[in-house]
Amino acid sequence: MVTEFKENTVITVFGASGDLSKKKTFPALFGLFREGYLSPTTKIIGYARSKLSNEDLREKVKPFLKKPNGAQDDSKVERFLSMVSYMSGPYDSKEGYLELKEHIEEFETKNNVKEPHRLFYLALPPSVFINVCQMLKENVYTKSGVQRVIVEKPFGHDLDSARDLQKKLAPLFSEEELFRIDHYLGKEMVKNLLLVRFGNTFLNAAWNKENIQSIQVTFKEPFGTEGRGGYFDSIGIIRDVMQNHLLQVLTLLTMERPVSFDPESVRDEKVKVLKAFEPIDHNDILIGQYGKSIDGKKPAYLDDETVKEGSKCVTFAAIGFKIANERWDGVPIVMRAGKALNEGKVEIRIQFKRVPSGMFKDIPNNELVIRIQPNEAIYLKCNAKTPGLANENQITELDLTYSERYKNYWIPEAYESLIRDALLGDHSNFVRDDELEVSWKLFTPLLNYLEGPDAPQPIIYPYGSRSPDGLVDFLAKHGYTFAKPGAYQWPVASPKM
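Scoring rules and cut-offs
Residues numbered from 1 in each chain as written. Predicted model: local features only at pLDDT ≥ 70, side-chain atom pairs only at ≥ 80, totals over all residues. Heavy atoms only, no water. UniProt positions renumbered as here; feature names shortened; annotations may be inferred. Phe/Tyr/Trp six-rings, centres within 6.5 Å; stacked < 30°, edge-to-face > 60°. Helix = DSSP H or I, 4+ residues; strand = E, 2+ residues; numbered from the N terminus. Buried < 20%, exposed > 50% of the residue type's maximum accessible area, 1.4 Å probe, protein only. Lys NZ or Arg CZ within 6 Å of the ring centre and 35° of its normal. Polar contact = N/O pair within 3.5 Å; in protein donor to acceptor, adjacent residues only side chain to side chain. Domains from an automatic or database assignment. Buried area = accessible area lost by both parts, 1.4 Å probe. Salt bridge = Lys/Arg side-chain N within 4 Å of Asp/Glu carboxyl O. Core = buried A, V, L, I, M, F, W, Y, C linked by side-chain atoms within 4.5 Å. Contact = heavy atoms within 4.5 Å.

An unreviewed UniProt entry annotates the protein as Glucose-6-phosphate 1-dehydrogenase of Kluyveromyces marxianus. Per its UniProt entry, the protein bears the Pathway (unreviewed entry) comment "Carbohydrate degradation; pentose phosphate pathway; D-ribulose 5-phosphate from D-glucose 6-phosphate (oxidative stage): step 1/3."

Pasting the structure below:
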């Protein structure tokens, strides 16, 4: 087991009493500790405004600490919790920060730390980012060591707000010290994209306009806003998952090969391809909002009392993209995402062009499918002869399903992976300032159109349906060829004897 870690690191989790910390941050830190990637000498401090004791915080997070090896891990839970303490203080005045500084320095002095290694995790809403960062810089910053600051999305609401946020953060912490976390970049299948693309000659050679017919990146959730409509109403599905999560996936799918795994080489290529994206055509979109389920048991979006009357908030969107460069010119790309659909999944679907006609007339297209969640998998839909005497074609697959192939492997959660990267100072899977700027430039005109006085009315689709009406035609218009009904199912069942 690799045990690459810094001794006597101090990790401070701001917003420690909130849901994000309880369900993601502390469980991720425990996962790293459990697997030997976080030193037992680490000091973890929870900081929030709530009046809690050390034991209160430990009891709050304990139910969310995963123990895949059963009861034998109980001792690890207790050892981890003994590393955790709690402080209560305001976010916008120095009193609490001076106490935090004293607490940290007392720990570092006791352990004879010459070069402090401090990580500050801001599990907080953006409205307090600047206050917290200012207080940290003025009161807790160390010039004799290293500090790193992780900030959670959203990184702004549009281009202007993102620029304003960056303008205020830049004088406080350098780009090297800032880590803008997008948890999708920590997902195993997303981190695998570079190796799958550039480490396999047969795929890399076909990864271009000569061979690929269409690309889809899909995000589906089987639930609605569930009482959080007032919050979602000011965000919508595009800000929630498309401008950030799905765009990150799309840049990794379409960028050129970096010269190395060096973080800046990877991020340079992501920015280059983003700059090649053509402006989004407002006529090349399909938008929807979920209504009541067909059986009437599930409410419509507008039934949520926290949603403003007559809201045109988009809960489903399919957007066409074009990339104006040599590799992708003319290849239609669709990003689609929606809430209250028939299933929950995130996947990439790359459809290749058909083989030349002749002896293989009407043979189905090959497709490479990369399922990010749930049940990570990569499978290639290909054509093969159906067993028997007849010379008939059957769609089958070359299948790498992680749960089958990697049964005895620890597959880290996204937050586990990204917090470890931040502790090591690896920016590869974090969003850089110029990348953030280009992504907001791409989406802000569309958001202004959808939220302006002449905003179009979204199509109402039933809660639990596959999609709004018109999606099949939209995908067909963007080059996707549907297989004949019954021609393929996943997984393919063996015929009954």
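K.L.:
So what exactly am I meant to see when it comes to the packing of aromatic side chains here?
P.N.:
Each aromatic ring pair is characterised by the separation of its centres together with the angle its planes make. Summed over the entire model, instances satisfying the criterion amount to 19 aromatic pairs. Taking 6.5 Å as the distance between ring centres and 45 degrees as the angle between the ring planes, the aromatic pair formed by Phe14 and Phe120 counts as tilted. Of the two residues, Phe14 is situated in strand β1 (residues 10–14) and Phe120 in strand β4 (residues 117–122); the sequence distance between them amounts to 106 residues. In this structure Phe14 comes out as buried when scored by relative accessible area, which is 0%. Taking relative accessible area as the criterion, Phe120 reaches 2% and is therefore assigned buried. Arranged with centres 5.9 Å apart and planes meeting at 75 degrees, the rings of Phe277 and Phe321 form a pair that is edge-to-face. One end of the pair, Phe277, is in the loop between α12 (263–275) and β8 (285–291); the other, Phe321, is in strand β9 (residues 316–321), with 44 residues separating them in the sequence. The same class applies to Phe277 as to Phe321, namely buried. Ring pairing ties together the aromatic residues Phe14, Tyr47, Tyr91, Tyr97 and Phe120, which thus form one cluster. A cation sits over an aromatic face here: Lys137 above Tyr141, 4.9 Å from the ring centre.

K.L.:
What is the right way to look at the side chain of Ser465 in this model?
P.N.:
Relative to the assigned elements, Ser465 resides in the loop between β15 (459–462) and α16 (471–477). Given the relative accessible area of 15%, Ser465 is considered buried. Here the side chain of Ser465 touches Pro462 through a polar contact of 2.7 Å, landing on its backbone oxygen.

K.L.:
Can you walk me through the domain arrangement of the protein in this structure?
P.N.:
The figure often quoted for interface size is the accessible area lost as the parts come together. Domain boundaries assigned for the protein yield domain 1 (10–152) and domain 2 (185–478). The C-alpha centroid of domain 2 is placed 34 Å from the C-alpha centroid of domain 1. Carbon and sulfur atoms make up 73% of the surface buried where domain 1 meets domain 2, a total of about 1300 Å² over both sides. Viewed at the interface, domain 2 and domain 1 are joined by 1 salt bridge. In this structure, the salt-bridge partner of Glu413 is Lys66, at a minimum N-O distance of 3.0 Å. Summed over the shared surface of domain 1 and domain 2, the result is 4 residue pairs in polar contact (both at pLDDT 80 or more).

K.L.:
Whenever I open this one, the nonpolar core confuses me. Can you help?
P.N.:
Nonpolar side chains in soluble globular proteins tend to end up buried together. Counting 145 residues, the largest nonpolar core has Phe14, Phe80, Leu122, Ile238, Met242, Phe321 and Phe443 as its most contacted members. It is helix α11 (residues 236–254) that contributes the most residues to this core, 10 residues altogether. Here this core spans two domains, since at least three of its residues come from each of domain 1 (10–152) and domain 2 (185–478). For Phe443, the residues in contact, after removing those within four places along its chain, are Ile238, Met242, Gln243, Leu247, Ile280, Ile319, Phe321 and Met335.

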